[in-house]
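Structure assessment
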Amino acid sequence: MTESLSRGAGIAVVGAAGKTGAAVVAALEGLADVRRVVHTARRSGDFAVDLETGAGLADALSGCRGVYFIAPNVHPDEPALLRNALSAAAAAGVEHFVYHSVAWPYTPAMPHHVDKARCEDMLRTFGGLRWTILQPCAYAENFASVLDGTATEVDVPYSPDAAFSFVALADVATVAARVLMEGPDIHHGATYELGGPEALTVRELCDRAAGLVSVKQVSVDEWMSRHGRDLTDDGRARLSAMFEFYDRHGFTAGNAVFESLLGRPPR
Ligand SMILES: NC(=O)c1ccc[n+]([C@@H]2O[C@H](COP(=O)([O-])OP(=O)(O)OC[C@H]3O[C@@H](n4cnc5c(N)ncnc54)[C@H](OP(=O)(O)O)[C@@H]3O)[C@@H](O)[C@H]2O)c1
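Residues numbered from 1 in each chain as written. Predicted model: local features only at pLDDT ≥ 70, side-chain atom pairs only at ≥ 80, totals over all residues. Heavy atoms only, no water.

What follows deals with the overall build of the protein. For the protein, the helix and strand inventory stands at eleven helices and eleven strands. When the 267 residues of the protein are sorted by exposure, 51% land in the buried category. The long-range fraction of contacts in the protein, counting pairs at least 24 apart against all pairs at least 6 apart in sequence, stands at 74%. Carbon and sulfur atoms form 49% of the exposed surface of the protein, whose accessible area is close to 11900 Å². Considering the protein, the positive charge centre built from 23 side chains and the negative charge centre built from 33 side chains are found 2 Å apart. (Helix = DSSP H or I, 4+ residues; strand = E, 2+ residues; numbered from the N terminus. Buried < 20%, exposed > 50% of the residue type's maximum accessible area, 1.4 Å probe, protein only. Contact = heavy atoms within 4.5 Å. Areas by Shrake-Rupley, 256 points an atom, 1.4 Å probe, with all protein chains shown as cover. Lys, Arg positive; Asp, Glu negative; His and termini not counted. Charge placed at Lys NZ, Arg CZ, Asp CG, Glu CD.)

Okay, structure coming up:
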């Protein structure tokens, strides 16, 4: 971390209560005055917003110099949510807007990735705001129960032998904190692809993390009946398209930029 990482206050993390947001808030702890921007306020000091209507955003972003924007997973219209946040950020005079995208955003077979490609374009062309984009690959923490040793079986609705450049969420959050703390003078206009140290299959990830974990491929329908019951039809369709893509092509990304931003190899 450089000296400039210890300066400054007023970073709003939008989506702070989610899996990604919690990691980014933790990485910023002690570095900046962090504002947790959430959907449902749980703690004192939380700013509740509705990204769909824009309600609460003006208040939540007021006085912040930086915003880290994380959209809800497989939302039916992520660009509309981003537009609301960008309008509020511009009106609040935010200096630096950092967008949490994904590796391979323009992948027509995965509609939620294409929505992130549209969001990237919106951010680059919005005008009046300086910005940075992070494009992480799949999180190893998607298999949290394997990493923490509580699972002995994992079902995946795609080939367990498809290759992924899994990233550690804490590493992604460390880069997010660095970009936010160093600010737009250094990072405006940059799009950073963040892939893990090597291409691994789910089988290999589980072997390395825990060993003795049985990895089984199940159909998308079977997976949805167990894990997708709370999803909307649109959410199910988006995830199904992603699983089909993973099955055929895997999901890999480069790590050279990640290593440079971390100052060490990603984990
Ligand atoms: N998983 C991966 O491998 C991966 C890789 C790259 C990128 N990503 C991207 O990372 C992003 C976050 O994923 P995640 O798994 O961390 O998400 P998550 O845990 O589901 O968190 C999303 C948060 O969005 C908030 N939210 C939902 N509806 C909202 C609304 N209308 N207004 C305001 N906030 C709302 C929720 O807030 P409350 O809790 O307060 O309700 C929730 O905490 C997604 O866009 C995903 O595509 C994921």
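Next comes the rest of the write-up.
To continue, consider helix α8 (residues 202-209). Every buried residue belonging to α8 is among V202, L205 and C206, and all of these are buried. Buried residues of α8, viewed axially, fall in a sector of 95°; they line one side. Where α8 is buried, its residues meet α5 (144-147), β7 (153-156), β8 (163-164), β10 (200-201) and β11 (214-217). In the segment just after α8, G211 is the residue with positive phi, at about 65°. (Arc of directions from axis to C-beta.)

Counting across every chain of the model gives twelve aromatic pairs. Ring centres 5.6 Å apart and planes at 50° place the aromatic pair Y158 and F164 in the tilted group. Each member of the pair, Y158 together with F164, is buried. Taken together through their ring pairs, the aromatic side chains of W104, F143, Y158, F164, F166, W223, F243, F245, Y246 and F251 make up a single cluster. (Phe/Tyr/Trp six-rings, centres within 6.5 Å; stacked < 30°, edge-to-face > 60°.)

For the rest of this paragraph, the subject is the site of the ligand. As a structural note, the neighbourhood of the ligand is formed by 25 residues, with K19, T20, R42, K116 and N142 the closest of them. Measuring from a nitrogen atom of the ligand, one finds a side-chain N or O atom of D50 at 3.0 Å. Between the ligand and L51, the relevant distance is 2.9 Å, taken from a nitrogen atom to a main-chain nitrogen or oxygen of the residue. About the coverage of the ligand: the protein hides 83% of its 920 Å² of free accessible area. When the residues that make up the shell around the ligand are grouped by side-chain class, the tally is twelve nonpolar, eight polar and five charged. (Near = heavy atom within 4 Å. Polar contact = N/O pair within 3.5 Å; in protein donor to acceptor, adjacent residues only side chain to side chain. Nonpolar A, V, L, I, M, F, W, Y, C, P; charged D, E, K, R; others polar.)

Moving on, we come to the sheet that holds strand β2 (residues 34-38). Taken together, seven strands build an open sheet; the order of strands is β3-β2-β1-β4-β5-β6-β9 and the sheet is parallel. Across the chains shown, the open sheet's two edge strands, defined by having one partner strand only, are β3 (47-48) and β9 (190-194). Here strand β4 (residues 66-69) pairs with strand β5 (residues 96-100) via four bridges, running parallel. Directly across from G66, in β5, lies its bridge partner H96. Running over the sheet, helix α4 (residues 111-126) touches β5, β6 (130-136) and β9 and is turned about 160° from β6. Contacts from helix α6 (residues 169-182) reach β1 (11-14), β4, β5, β6 and β9, with the element oriented near 170° to β6. (Pairing = 2+ DSSP bridges. Axes fitted to C-alpha atoms, helices over the stretch in contact; angles between N-to-C directions.)

Both faces of β1 are covered, namely the face carrying I11 and V13 and the face carrying A12 and V14. When β1 meets β2, the two strands line up parallel, connected through four bridges. Of the residues in β2, the one forming a bridge with I11 is V34. Handedness of the crossover joining β1 and β2 through helix α1 (residues 19-28) is recorded here as right-handed. Taken together, the four bridges between β1 and β4 define a ladder with parallel strand orientation. Bridge pairing links I11 to G66 in β4. (Right-handed = clockwise from strand over helix to strand, strands pointing away.)

Two numbers describe how α4 lies on helix α10 (residues 233-249): the axes approach to 8 Å, and their chain directions differ by 100°. Between α4 and α10, the interaxial angle falls into the category roughly perpendicular. From α4, P111, H112 and D115 reach across to α10, where they touch R238, A241 and M242. A per-class count over the contact of α4 with α10 returns three nonpolar, one polar and two charged. (Parallel < 35°, antiparallel > 145°, perpendicular 65-115°, else oblique.)

With that settled, the discussion passes to the UniProt feature "domain: NmrA-like" (unreviewed entry) in the protein. According to UniProt, the positions carrying the feature "domain: NmrA-like" (unreviewed entry) are residues 11-249. The span residues 11-249 is 42% helical and 18% strand by assignment, and the distance between its end C-alpha atoms comes to 37 Å. (UniProt positions renumbered as here; feature names shortened; annotations may be inferred.)

This part takes up the pairing of β9. On β9, burial follows the alternation: A190, Y192 and L194 on one face are buried, whereas T191 and E193 on the facing-out side are not. As paired elements, β6 and β9 share five bridges and run parallel to each other. Considered in β9, the bridge of L134 is made with Y192.

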